[in-house]
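# Observations on the three-dimensional arrangement
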Amino acid sequence: FALLDLAAPHRAWGWWQFVVGRRRLRQVPGLRVGKLLGSGQAGGFGLKPSASIQGLFAVFDDAASAEAFCSPAGLLEQWRVRAREHLCLRLRTCSARGSWDGTRLAVTTPAPAEGPVVSLTRASIHPARAAGFWRMEPAAERSLAEAAGCLLAVGGGEAPLLRQATFTVWASVAAMNAYARQGAHLAAIRAAADQAFFTESMFVRFAPERLEGCWQGRPIG
């Protein structure tokens, strides 16, 4: 997962990638899943889009393909050299349920016994349920920002309103579980199930293998 804040002279280039970038990702050797994501203002979860922040989520067949993609000669470098700030996380899946465009992720490593853990939640929101989903968003975002042990929380989306993702980094599995089982987040989970908010969803936890760069002026993890 890469998070990039494009410098002002390169924002038009970044917007153009939503037209051509997805096709370029499909041509990367060894790439199984490639998603180019926009984000909310300041990387948040609101409806107002950011003019500069983008995310790249990529799943590879093997470590060598991932390494090539992230190298100075790889495709990711075209975003990185245009960014005023960037963060890149190499991850291994430790639990997964659901799917993203029909693709399911295989578990490749045990959950970390200590240290950071990463979570990705993504969903295709049913158009008829979108208003109900977004009414719950402000409270859930506030609770995430205030959660103990949350090192990073970023909202992303493939498309406005209906195809959304949340990417979080936690100091420990215990901190992540404590947040997930209380307050606004728990209420949102129950509402999603009761009201059938999603036509497709995926919930994944990752063990971080490598973290490079920084976000909002500080390293993560």
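The structure this text deals with has already been given above.
An account of the accompanying structure is given in this report. Every value quoted in this text rests on a predicted model; they were computed, and no experiment measured them. (Residues numbered from 1 in each chain as written. Predicted model: local features only at pLDDT ≥ 70, side-chain atom pairs only at ≥ 80, totals over all residues. Heavy atoms only, no water.)

### What about the environment of Leu91?
Relative to the helices and strands, Leu91 is located in strand S4 (residues 83-98). Overall, the relative accessible area of 22% leaves Leu91 in the partly exposed class. Residues Leu91 and Gln78, spaced 13 residues apart in sequence, show a C-alpha to C-alpha distance of 21 Å. For Leu91, the residues in contact, after removing those within four places along its chain, are Phe1, Val118, Phe167, Phe206, Ala207, Pro208 and Glu209. (Helix = DSSP H or I, 4+ residues; strand = E, 2+ residues; numbered from the N terminus. Buried < 20%, exposed > 50% of the residue type's maximum accessible area, 1.4 Å probe, protein only. Contact = heavy atoms within 4.5 Å.)

### Points about the packing of aromatic side chains
Pairs of aromatic rings are described using the distance from one ring centre to the other and the angle between the two planes. Overall, the coordinates contain 6 aromatic pairs when judged by the stated rule. Pairwise contacts between aromatic rings join Phe57, Trp100 and Phe206 into one cluster. Of note, Arg82 hangs over the ring of Trp13, and the distance from its end group to the ring centre comes to 4.1 Å. (Phe/Tyr/Trp six-rings, centres within 6.5 Å; stacked < 30°, edge-to-face > 60°. Lys NZ or Arg CZ within 6 Å of the ring centre and 35° of its normal.)

### A word on the pattern of salt bridges
Should their charged atoms come close, side chains of opposite charge can pair. Across all of its chains, the model carries 14 salt bridges by this definition. Two residues, Arg90 and Glu209, come together in a salt bridge whose shortest N-O distance is 3.7 Å. Highlighted residues: Arg90 in strand S4 and Glu209 in strand S8 (residues 198-213), separated in sequence by 119 residues. On the basis of relative accessible area, Arg90 is assigned to the buried category, the value being 12%. (Salt bridge = Lys/Arg side-chain N within 4 Å of Asp/Glu carboxyl O.)

### Thoughts on the nonpolar core
In this structure, Phe57, Leu120, Leu152 and Phe167 are the most contacted members of the largest nonpolar core, which totals 23 residues. Counting only elements with at least two residues in this core, the list comes to strand S2 (31-40), strand S3 (49-60), S4, strand S5 (117-125), strand S6 (150-159), strand S7 (163-170) and S8. Of all hydrophobic cores here, the second largest spans 18 residues; its members include Leu25, Leu56, Ala66 and Cys70. (Core = buried A, V, L, I, M, F, W, Y, C linked by side-chain atoms within 4.5 Å.)

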